[in-house]
Number of protein chains: 2
Amino acid sequence: MPKVDVSNALPFLPASWLASRESALNEAHARLQENRGPGSDFHGWVRLPENYDREEYARIKTAARRIQSDSEALVVIGIGGSYLGARAVIELLQSPNYNLKKKDTPDIFFAGNGLSTDALLETIELVKDRDFSVNVISKSGTTTEPAVAFRIFKNLLEEKYGKEGAKSRIYATTDAHKGALKGLADTEGYEEFVVPDNVGGRYSVLTAVGLLPIAVAGVDIDALMAGAHDAMSELAQPGAQNAAWQYAAARNGLYEDGKKIELLACYEPSFRFFAEWWKQLYGESEGKENRGIFPASVEFTADLHSMGQYIQEGERHLFETVVRFAACGGEITIPDDPQNVDGLNFLTGKPLSFVAEQAFRGVTLAHMDGGVPNLTVTVDSRDARSVGALIYFFEYACGVSGYLLEVNPFDQPGVEAYKKNMFALLGKPGFEERKAELEKRL
Amino acid sequence: MPKVDVSNALPFLPASWLASRESALNEAHARLQENRGPGSDFHGWVRLPENYDREEYARIKTAARRIQSDSEALVVIGIGGSYLGARAVIELLQSPNYNLKKKDTPDIFFAGNGLSTDALLETIELVKDRDFSVNVISKSGTTTEPAVAFRIFKNLLEEKYGKEGAKSRIYATTDAHKGALKGLADTEGYEEFVVPDNVGGRYSVLTAVGLLPIAVAGVDIDALMAGAHDAMSELAQPGAQNAAWQYAAARNGLYEDGKKIELLACYEPSFRFFAEWWKQLYGESEGKENRGIFPASVEFTADLHSMGQYIQEGERHLFETVVRFAACGGEITIPDDPQNVDGLNFLTGKPLSFVAEQAFRGVTLAHMDGGVPNLTVTVDSRDARSVGALIYFFEYACGVSGYLLEVNPFDQPGVEAYKKNMFALLGKPGFEERKAELEKRL
């Protein structure tokens, strides 16, 4: 289970930071546990680690094995919550270089998460001469980006394998009952998986939305779910020792004190897209009603040599949350240099992880001294079980934190604004009036 | 040359946003052009596109050809400014999937930019069985991260090619006269390139620091330099039509108005690390004396489905700068779907770039309506000449902007704080007292 250390933020918080929030924390916790409060229609993720469809879960594993056996690549089509969770977990556990590495599982390409012509052409080029399958993930089936990409990759599959052959290589993760993609999948006989009604996109990584691509990439999804279950059990206990309460209360207190930006930092480059997943989780849950902490991320130590100056001495409106993995997968010993050219022979024979540990400790103190509160989330190791727990921890803390902020953490009313404008400008039937208005302004 | 459009920020700025800054802009501009003012020792980048060492430049091209002919991979060892520029340009012009693509130039791996054991082990695994060379980039040769990585990859080269063979595969980009790496390179006879004294790390991408790896990756560095030269000539002209003045003045005005975060957005996924380079440029130049805009970045349209909610309705302390590439490399036509499952047949036959263009226009208006000022920087196309100009544009605007903010845009005094702590905690001789102090606090 992730452990939260708030000691390096305490000098920036009033003594009552937790006690003064106790009743709000209790209420937030109770809403999640008892399935009530704003957005309770989307509380399905709270019990997900024990309350999931076992039959579907078994089919996910079977489908993953089939894709592993008949495909050299899997194209995962989805955007937002139908994209970031899978990419986050695959990069964190299998590496950002996953596709480059020698392995016996398929390459994974993400498509339909943007409108770049060049990026899409490149992905087509990378898969078209290989055996591949497609996992299209969309609750409605009508979101522009994934829908356009699906048209293209479906055509590619049909050219390559014929209409019938293509059908057996398309896996649709969509609504259980309704919608365009659901209808098509039923008609064509695609294997189907479900985007549950009571789990929002940013909370969906432990449903079929995330689990199928994650399993194809060779991650042990049983361990991932077990880790989430560990966290679910522990975080169901209310009280000051609850790690999610601590994180939610500390960030709420820092925000009230004028710390408007949270920098999620990690010393592992493989964490980059996990931070992107976290940004969606927190930014979309809390950024409403002209409120909310702005979520940003840095990769240490690289960014100590780029954003480090700003963190140390820029405007004092930020705090840091550092995710630490206590153990590495392997070990590197600093080799000796008989000439000691770089003057680092005092490190000879020491493990590189020791250097990283001292960097982490030194950075924490330097940033505190510079006026940047530090929260630390320590995770045992970069393995599936620990990461499953980390996912649930951040999800639960986000629900608590959103309720502390007195917003509905489970809606996203602002996401429609650009879509409406885009549809109008694209000339979608029914948007004629808006189109005229917008064109006048442009 | 990049064009700046401030029209979508004007409703958020006083009418005098530019006029009121005219004398400050003139002074900032004159400091850069006449090489005076705080940090003028680091103004070498201002005339770099015409005033560079031609002999060295020719050697960069020769070395790149040699690496291309004798290496399947190049390991680029450097951190901060000795890392981000090359990665930014290679990803933007050749793709984030550069290493995955079929090509006749070597893979490029970046190392020595962090302390992750697992990431370093993985890079070793990816190159050790292939023919590779090393470009070690460090002004001093004693910065911990690159120095440790260089010890390791130098050993690997020596095991593989013998001591003599290794020497001809090591390219050292370092100080012209002094320092640990310079000394070693002289002794061992490595081919040497120069980190100029009057160009800071974050401004060094168009020196050998960036140019050697960029050339190895097959980018036309003549075009890159020509683009920078275009921008240099144009931006040397003072006045309200100067694009760098416009950008610098607008962001300075927005900052004064309480917009504390600048979100650099682009619709191309290949822009991700260019945004990281930009973050260092602006964050490190302006983030001092408890001031400065916090630089952040988003990838559209992907992040409209994650950070989009926050941008539309979160705390109103941000503005957006969108970098637009006017043309794509290729074209994709939206295919027809006889069943019109997704309801998008009104787009059939249209180019995907048309959809992206309408998304961009719709997003701009939606975000303005939500209270987010928008600046647009339009670049002709994603080619070397345009990107060279974009680099120089951002560099020049950053110098102007930093002087408007009344800071020294060319120092980075805060970067040392964590290093001192780290050295002390690592037990570096000479830091005993600080170590005792820090350990007491931990």
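Here goes a summary of the coordinates provided. Note that the structure is a prediction, hence the values are computed from the model and not measured.

What counts as what
Residues numbered from 1 in each chain as written. Chains lettered and ligands numbered in written order. Predicted model: local features only at pLDDT ≥ 70, side-chain atom pairs only at ≥ 80, totals over all residues. Heavy atoms only, no water. Core = buried A, V, L, I, M, F, W, Y, C linked by side-chain atoms within 4.5 Å. Buried < 20%, exposed > 50% of the residue type's maximum accessible area, 1.4 Å probe, protein only. Contact = heavy atoms within 4.5 Å. Salt bridge = Lys/Arg side-chain N within 4 Å of Asp/Glu carboxyl O. Helix = DSSP H or I, 4+ residues; strand = E, 2+ residues; numbered from the N terminus. Pairing = 2+ DSSP bridges. Axes fitted to C-alpha atoms, helices over the stretch in contact; angles between N-to-C directions. Buried area = accessible area lost by both parts, 1.4 Å probe. Polar contact = N/O pair within 3.5 Å; in protein donor to acceptor, adjacent residues only side chain to side chain. Nonpolar A, V, L, I, M, F, W, Y, C, P; charged D, E, K, R; others polar.

## Topic: the nonpolar core
Grouped together as the largest cluster of nonpolar side chains are 118 residues, with contacts concentrated most on F153 and F294 of chain A together with F153 and F294 of chain B. In this structure F294 of chain B touches I261, L263, F294, A296, M307, Y310, H317 and L318 of chain A together with K260, I261 and E262 of chain B, once residues within four positions along its chain are discounted.

## Thoughts on the pattern of salt bridges
Following the criterion strictly, the structure yields 81 salt bridges over all chains and no others. Between E276 of chain A and K279 of chain A there is a salt bridge, with the nearest N and O atoms lying 3.0 Å from each other. Of the two residues, E276 of chain A and K279 of chain A are both situated in helix α10 (residues 272-286); the distance of 3 residues between them amounts to about one turn of the helix. For the residue pair E276 of chain A and K279 of chain A, the accessibility class agrees, reading buried in each case. Note that K288 of chain B is salt-bridged to D411 of chain B, the shortest N-O span being 2.7 Å. In this pair, K288 of chain B is assigned in the loop between α10 (272-286) and β8 (294-299) and D411 of chain B in the loop between α13 (384-404) and α14 (416-426), connecting sequence segments 123 residues apart.

## Considering helix α7 (residues 208-216) of chain A
Along α7 of chain A, 9 of the 9 residues are buried, which leaves the element largely enclosed by surrounding structure. Immediately beyond the C-terminal end of α7 of chain A, within one or two residues, lies G218 of chain A, with a positive phi of roughly 90°.

## Details of the sheet that holds strand β9 (residues 318-327) of chain B
Residue and element names in this part refer to chain B. Across the sheet, 5 strands lie side by side as β1-β10-β9-β7-β8; this open sheet has mixed pairing. Strands with a single pairing partner mark the edges of an open sheet, and in this sheet they are β1 (3-5) and β8. The average angle at which neighbouring strand axes cross in this sheet is 25°, direction not considered. Pairing of strand β7 (residues 261-266) with β8, which is carried by 6 bridges, proceeds in the parallel orientation. Looking at the pairing, L264 lines up with S297 of β8. Most of the contacts of helix α12 (residues 352-369) go to β9, to which it runs at about 165°, and overall it touches β9 and β10 (374-381). Packed onto the sheet, α13 meets β1, β7, β9 and β10 and runs at close to 150° relative to β10.

## Focus on the packing of helix α2 (residues 54-70) of chain A against helix α8 (residues 221-235) of chain A
Relative to each other, α2 of chain A and α8 of chain A sit at 145°, their axes nearing to 12 Å. Taken together, the residues of α8 of chain A that come into contact with α2 of chain A (itself represented by Y57, I60 and K61 of chain A) are I221, D222 and M225 of chain A.

## Structural notes on the sheet that holds strand β2 (residues 73-77) of chain B
Residue and element names in this part refer to chain B. Taken together, the 5 strands give an open sheet; going across it, the order is β3-β2-β4-β5-β6, and neighbouring strands pair in parallel fashion. Bordering the open sheet on either side are β3 (107-111) and β6 (191-194), each of which pairs with just one other strand. Sheet twist, expressed as the mean angle between neighbouring strand axes with direction ignored, is 20°. Packed on one face of the sheet, helix α4 (residues 117-127) meets β2, β3 and β4 (132-137) and runs near 155° to β3.

## Looking at the interface of chain B and chain A
At the interface, 129 residues of chain B touch 129 residues of chain A. When chain B packs against chain A, the two sides together hide about 10800 Å² of surface, and 62% of this comes from carbon and sulfur. Of all residues in chain B, R151, F294 and H305 of chain B give up the largest surface area on contact with chain A, accounting jointly for 8% of the area buried on that side. When the shortest N-O distance is used, the salt bridge between E315 of chain A and K260 of chain B registers 2.8 Å. On inspection of chain B and its partner chain A, the count reaches 55 residue pairs in polar contact (both at pLDDT 80 or more). Ranked by the residues each element gives to the side of chain B that touches chain A, the list is headed by α12 of chain B, at 13 residues. Partitioning the side of chain B that touches chain A into residue classes produces 58 nonpolar, 39 polar and 32 charged.

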